[in-house]
Amino acid sequence: MTTPGIRPLVAGNWKMNGTLAMAGALVSDINGRYRQAALKADLLLCPPFPYLAAVGGQLTGTGISLGAQDCHTGASGAHTGDVSAQMLADLGCRYVILGHSERRADHGESSALVAAKAKAALAAGLGAIICVGETEAQRNAGEEKKIVEYQIIDSIPAEATATNAVIAYEPVWAIGTGKTPTPADVEAMHRHIRALLVTRVPGGAGMRILYGGSVKPSNAAELMAVPEVNGALVGGASLKVEDFWAIAEGAAKSAA
Ligand code: PGA
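Cut-offs and rules
Residues take numbers from 1 onward in each chain, read along the sequence in its written order. Local features in a predicted model are, by the rule used here, given only for residues with pLDDT of at least 70; side-chain atom pairs are given and counted only at 80 or more, and totals for whole chains, interfaces and linings are based on all residues. Side-chain measures were taken over the full set of non-hydrogen atoms in the model, leaving aside hydrogen atoms and water. Numbering of helices and strands runs from the N terminus, with a helix taken as a DSSP run of H or I at least four residues long and a strand as a DSSP run of E at least two residues long. With C-alpha atoms as the basis for the radius of gyration, the globule rule is written as 2.2 Å multiplied by the number of residues raised to the power 0.38. To sort residues, take the accessible area from a 1.4 Å probe on protein chains only and compare it with the maximum for the residue type: under 20% means buried, over 50% means exposed, and anything in between is partly exposed. Contacts between residues were defined by any pair of non-hydrogen atoms, one from each residue, lying within 4.5 Å. Strands are labelled as partners when DSSP assigns at least two bridges between them. Axis angles are defined between N-to-C directions and span 0 to 180 degrees, where every axis is a line fitted to C-alpha atoms and, for a helix, only to the segment in contact. The cutoff for a nearby residue is simple: one of its non-hydrogen atoms must lie within 4 Å of the molecule or strand. We define a polar contact as two N or O atoms separated by no more than 3.5 Å, with the added condition that, inside protein, one atom must be a possible hydrogen donor and the other a possible acceptor, whereas residues neighbouring each other in sequence contribute only through side-chain atom pairs. Classes in brief: Ala, Val, Leu, Ile, Met, Phe, Trp, Tyr, Cys and Pro nonpolar; Asp, Glu, Lys and Arg charged; the others, Gly included, polar. Here a helix's expected span is defined as the number of its residues, less one, multiplied by 1.5 Å. Side-chain atoms within 4.5 Å link the members of a nonpolar core, which is a set of buried Ala, Val, Leu, Ile, Met, Phe, Trp, Tyr and Cys residues. Put simply, a salt bridge is a Lys or Arg side-chain nitrogen that is within 4 Å of an Asp or Glu carboxyl oxygen.

Caption draft 1: Spatial organisation of the overall build of the protein. On a plain count of helices and strands, the protein comes out with 10 helices and 8 strands. Relative to its length of 256 residues, the protein is compact, with a C-alpha radius of gyration of 17 Å against a globular reference of 18 Å. Across its three principal axes, the protein shows a C-alpha extent of roughly 45 × 45 × 35 Å. Buried positions account for 54% of the 256 residues belonging to the protein. Residue pairs at least 24 apart in sequence account for 73% of intrachain contacts in the protein once pairs closer than 6 positions are excluded.

Caption draft 2: Main features of the sheet that holds strand β5 (residues 127-132). Ordered by their spatial adjacency, 8 strands build a closed barrel running β1-β2-β3-β4-β5-β6-β7-β8, and the pairing between neighbours is parallel. Within the sheet, the average angular offset between the axes of one strand and its neighbour, ignoring direction, is 25 degrees. For β5 and strand β6 (residues 165-169), the ladder comprises 5 bridges, and the chain directions are parallel. Bridging across to β6, Ala128 finds its partner in Ala165.

Caption draft 3: Local environment of the environment of Gln58. Within the element layout of this structure, Gln58 appears in helix α2 (residues 52-59). What makes Gln58 partly exposed here is its relative accessible area of 28%. Sequence spacing of Gln58 and Ala23 is 35 residues, and the spatial spacing of their C-alpha atoms is 10.0 Å. Among all residues touching Gln58, those that are not within four sequence positions of it are Ala23, Gly24, Val27, Ser28 and Asn31.

Caption draft 4: Geometry of the site of the ligand. With respect to spatial proximity, 13 residues lie near the ligand, and among them Lys15, His100, Glu170, Gly176 and Ser214 are the closest. The separation between an oxygen atom of the ligand and a polar main-chain atom of Gly235 is 2.8 Å. Interatomic distance of 2.8 Å between a backbone N/O atom of Gly236 and an oxygen atom of the ligand. Residue classes in the shell around the ligand are distributed as 4 nonpolar, 7 polar and 2 charged.

Caption draft 5: Structural view of the pairing of β5. Most of β5 sits inside the fold, with 6 of its 6 residues counted as buried. Taking every second residue as pointing to the same face, both faces of β5 are buried, with Gly127, Ile129 and Cys131 on one and Ala128, Ile130 and Val132 on the other. Two elements, strand β4 (residues 95-98) and β5, share 4 bridges in a ladder whose sense is parallel. Note on β5: the bridge partner recorded for Ile97 is Ile129.

Caption draft 6: Molecular detail of helix α10 (residues 241-255). Over its 15 residues, α10 extends 21 Å from the first C-alpha to the last, a length consistent with the 21 Å expected when each residue adds 1.5 Å. Counting buried residues in α10 gives 11 out of 15 residues, a clear majority hidden from the surface. All buried positions along α10 are accounted for by Val241, Asp243, Phe244, Trp245, Ile247, Ala248, Gly250, Ala251, Ala252, Ser254 and Ala255.

Caption draft 7: Geometry of the nonpolar core. Formed by 68 residues in total, the largest nonpolar core has its most connected members in Leu43, Leu88, Ile152, Ile167, Ile193 and Leu197. At 7 residues, the largest contribution of residues to this core is made by α10. Ignoring any residue separated from it by four or fewer positions in sequence, one finds Leu88 in contact with Phe49, Leu52, Ala68, Asp70, Cys71, Val83, Cys93, Val96 and Leu126. Among the nonpolar cores identified, the runner-up in size contains 12 residues, and Ile97, Ile129, Val166 and Ala168 belong to it.

Caption draft 8: Main features of the pattern of salt bridges. One pass over the full model with this rule turns up 15 salt bridges. Among the ionic pairs, Glu109 bridges to Lys117, the shortest N-O distance being 2.7 Å. Its relative accessible area of 6% is what places Glu109 among the buried residues. Linking Glu159 and Lys119 is a salt bridge whose minimum nitrogen-to-oxygen distance equals 3.0 Å. Taken together, the residues Glu159 in the loop between α7 (144-155) and β6 and Lys119 in helix α5 (residues 111-123) connect sequence positions 40 residues apart.

The values are spatial; any link to function lies outside them.
See the structure below:
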């Protein structure tokens, strides 16, 4: 067991991919497999905003959760193009991914902004999946632990607990590249994060820490078995039912 007592979470981050037709087919395939298996892991699907309602409808009553990929800090107001956490909760979302490195890079999101978004998410009753991770240059400079530590300290709001928040460690250089850290490197970082959570978050010993970045069927079992890895945040491989399912089984096996 990767952390005794923690049930793994496998989350599919679809990013800005797919069509409505593809979403319908993918979710129906995942639902079919989930119904047949007593999977020892929780599953979460995070489609783009426009598909949330349709995917949410398909997931109703299945036991698989719905999540979004971002939210605004405010409850409502003059914020053209933005979406509030309450709106996501209205659609049946249980989680929202916040501070993904693509948002930190593409939209200049700071850790302070991520913390404000997470606070809004928690106020709306959503679980916040807070993403952290170093760049390749930072790792090459031996700064990865320090960088992730700052991101954790600054991105987690005071209201976070083990039950309403999740950390996703995603090295930026591993996202969408096919490269992954070694299991030993993943273990070192996850242990570092765990030690921080224990001192900073109520119940931090039981908070989920996901690994993300090029998780695929061929490396899932190995990565998911690493101590203090409590599931995966999966990008590209979450768009193919065979791949996503193999990863979910890998995570479930690590908890068995
Ligand atoms: P990847 O993306 O699995 O395609 O590397 C992971 C993520 O960005 O969440």
